[in-house]
Amino acid sequence: MKKEVSPAVAIVLVVVVVAIILGAYYYLSAPRPPKGVKYTPGVPPWMEQGGSYKPTPDYPPATSTTR
């Protein structure tokens, strides 16, 4: 005699498997900086607090702007 699986258990298992697949896709597709590099997404290096930005002849010095 076969044991039947409750439809609720089957639905929960499908939802968990789909969540794991989507979570893995999101985690693995997100860009990450190399090890040892501190990076704040959306903040350019010259606007970071305590950043080591040094102006070069082809790049202007940082200007302080507040929004």
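Everything discussed here concerns the structure shown above.
First, a word on scope: everything that follows refers to the structure included in this document. (Residues numbered from 1 in each chain as written. Predicted model: local features only at pLDDT ≥ 70, side-chain atom pairs only at ≥ 80, totals over all residues. Heavy atoms only, no water.)

**Some thoughts on the overall build of the protein**
Stage number 1. Along its length, the protein carries 1 helix and 0 strands.
Stage number 2. Counting only residues that meet the buried cut, the protein has 0% of its 67 residues in that class.
Stage number 3. As presented, the protein carries roughly 6900 Å² of accessible surface, and 67% of it is formed by carbon and sulfur atoms. (Helix = DSSP H or I, 4+ residues; strand = E, 2+ residues; numbered from the N terminus. Buried < 20%, exposed > 50% of the residue type's maximum accessible area, 1.4 Å probe, protein only. Areas by Shrake-Rupley, 256 points an atom, 1.4 Å probe, with all protein chains shown as cover.)

**Some points on helix α1 (residues 7-29)**
Stage number 1. Taking 1.5 Å per residue as the helical rise, α1 with its 23 residues ought to reach 33 Å, and the 33 Å between its terminal C-alpha atoms agrees with that figure.
Stage number 2. Of all 23 residues in α1, 0 are buried, a share of ten percent or less. (Expected span 1.5 Å × (residues − 1).)

**Quick look at a nonpolar patch on the surface**
Stage number 1. On the surface, a nonpolar cluster with roughly 280 Å² of combined accessible area is contributed by Val5, Val9 and Leu13.
Stage number 2. By secondary structure assignment, the location of Val9 is in helix α1. (Patch = residues over 30% accessible without salt bridge, like charges linked within 9 Å, V, L, I, M, F, W, Y side chains within 5 Å. Salt bridge = Lys/Arg side-chain N within 4 Å of Asp/Glu carboxyl O.)

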